[in-house]
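Observations on chain architecture
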Amino acid sequence: MQVDLNCDMGESYGPWTMGDDEAMLGLITSANVACGLHAGDPQIMLKTARLAREKGVAIGAHPGFHDVQGFGRRPIQGLSASEIETLVAYQIGALQGIAALAGHRATYVKIHGALSNMACEDEMMATAVANGIKGVDKALAFVVLPFSKLVGAGEKAGLAIVNEVFADRAYEDDGMLVSRRKPGSVLHEPALVAERVRRMVEEQAVTSVNGKVLKTPIDTVCIHGDTPAAVSLAKAVRGRLDQAKVKVAAFSTAARA
């Protein structure tokens, strides 16, 4: 059994630091790099890509809304399909250029924050996101939330689909993430999170807050880099998977077309 561990990172900006990217890069196998619109900047992107290359970690673009002040977690209404496609393509291209400068290569895309949450439930937005990725490079894998509109949109666009679950987020009965505005939406206890991940990977399923078991292929597991206990969570998860003899490796060989 094999699974990838990914983390959202490169979210610092100028002298301001978000998360411990260097420590996380020693524990994960794929890094979702912020592309400068919701977080990050060109120098942070370059530093992150270089560190990932040195540590043998795959990198992917992590596009979000153009909303640095809200960290990309505030919904932005009224964008057209063309605007969303362009928003996504612009950020992918930014990372591709920076990755080349770092001697690395972006191999996938994972949408960030409110853009992802909205596209998971809005078919027009999901289609626009998928078309934006395809328009740049149809060889890029598409990391998606199972049970969401992103799955069908990605498949229709002919993208390789990578099914993602979250180590530190709670699920609703329909497979969507519990809103961060609700208590208990983000999990913090390393031992409990690690055992939860082991169970999800071995059972190929997630369990909702109401106990509903939702079966899904699981190719990658996300640990948020901006969570205060991110490094402790990643260490616990990696250790528990090693103990369970689950191979941790980048998902490129596991991507489902």
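Above this text is the structure in question.
These remarks concern the structure in this document. (Residues numbered from 1 in each chain as written. Predicted model: local features only at pLDDT ≥ 70, side-chain atom pairs only at ≥ 80, totals over all residues. Heavy atoms only, no water.)

Examining the overall build of the protein chain
Broken down by element type, the protein chain carries 8 helices and 10 strands. Overall, the protein chain is about 40 × 40 × 35 Å in size when its C-alpha atoms are taken along their principal axes. The buried share among the 257 residues of the protein chain stands at 54%. Long-range pairs, those at least 24 residues apart, make up 74% of the contacts in the protein chain between residues at least 6 apart in sequence. A gap of 4 Å separates the mean positions of the 27 positive and 28 negative side-chain charges of the protein chain. (Helix = DSSP H or I, 4+ residues; strand = E, 2+ residues; numbered from the N terminus. Buried < 20%, exposed > 50% of the residue type's maximum accessible area, 1.4 Å probe, protein only. Contact = heavy atoms within 4.5 Å. Lys, Arg positive; Asp, Glu negative; His and termini not counted. Charge placed at Lys NZ, Arg CZ, Asp CG, Glu CD.)

Focus: the side chain of Asp41
Locating Asp41 in the fold gives a position in the loop between strand 2 (30-34) and helix 2 (42-55). No salt bridge is formed by the buried Asp41. Its closest oppositely charged neighbour is Lys47, at 9.9 Å. Among the polar contacts made by the side chain of Asp41, one reaches the main-chain amide nitrogen of Gln43 at a distance of 3.1 Å. Among the polar contacts made by the side chain of Asp41, one reaches the main-chain amide nitrogen of Ile44 at a distance of 2.8 Å. Not counting residues up to four positions away in its chain, the partners in contact with Asp41 are Ser12, Tyr13 and Gly14. (Salt bridge = Lys/Arg side-chain N within 4 Å of Asp/Glu carboxyl O. Polar contact = N/O pair within 3.5 Å; in protein donor to acceptor, adjacent residues only side chain to side chain.)

Here's the deal with the environment of Thr107
Its location among the elements puts Thr107 in strand 4 (residues 106-110). The spacing of Thr107 and Lys212 is 105 residues in sequence and 33 Å in space, taken between C-alpha atoms. If we ignore the near neighbours within four places in the chain, the residues touching Thr107 are Ala58, Ile59, Ala139, Leu140 and Ala141.

Overview of the side chain of Arg196
Among the secondary structure elements, Arg196 is positioned in helix 7 (residues 190-203). At 6.5 Å, Asp168 is the nearest oppositely charged side chain to Arg196, a buried residue that forms no salt bridge. Only 2.7 Å separates the side chain of Arg196 from the backbone oxygen of Arg169, close enough to count as a polar contact.

Some thoughts on the nonpolar core
Counting 78 residues, the largest nonpolar core has Met24, Ile28, Ile133, Phe142, Val197, Val221 and Leu241 as its most contacted members. With 7 residues, helix 3 (residues 81-101) is the largest single contributor of residues to this core. Among residues more than four places away in sequence, those in contact with Val197 are Ala167, Val221, Val237 and Leu241. (Core = buried A, V, L, I, M, F, W, Y, C linked by side-chain atoms within 4.5 Å.)

Quick notes on the pattern of salt bridges
For the structure shown, the criterion picks out 9 salt bridges. With its nearest N and O atoms 3.0 Å apart, the salt bridge here joins Glu172 to Lys182. A residue pair is termed long-range when its members are at least 10 positions apart, and Glu172 in the loop between strand 6 (161-166) and helix 7 and Lys182 in the loop between strand 6 and helix 7 qualify at 10 residues. Judged by relative accessible area, which is 21%, Glu172 ranks as partly exposed. Notably, a salt bridge pairs Glu195 with Arg240, separated by 2.9 Å at the nearest N-O pair. With Glu195 in helix 7 and Arg240 in helix 8 (residues 230-243), this residue pair connects regions lying 45 residues apart in the sequence.

Some remarks on helix 7
Each full turn of the α-helix corresponds to 3.6 residues, which orients residues three or four apart in the same direction. Compared with an ideal rise of 1.5 Å per residue, which puts 14 residues at 20 Å, helix 7 spans 20 Å between its outermost C-alpha atoms and is within 8% of the ideal. Taken together, the buried positions of helix 7 are occupied by Val193, Ala194, Arg196, Val197, Arg198, Met200 and Val201. Where helix 7 is buried, its residues meet strand 1 (2-9), strand 6, strand 7 (205-207), strand 9 (220-222) and helix 8. Of the residues flanking the end of helix 7, it is Gln204, one or two places downstream, whose phi is positive at about 50°. (Expected span 1.5 Å × (residues − 1).)

Quick notes on the packing of aromatic side chains
Under the defined criterion, the tally for this structure stands at 1 aromatic pair. Measuring from centroid to centroid gives 5.0 Å for Tyr108 and Phe251, while their planes differ by 70°, and the two rings are edge-to-face. Here Phe251 lies in the segment after strand 10 (247-248) and Tyr108 lies in strand 4, a separation of 143 residues in the sequence. (Phe/Tyr/Trp six-rings, centres within 6.5 Å; stacked < 30°, edge-to-face > 60°.)

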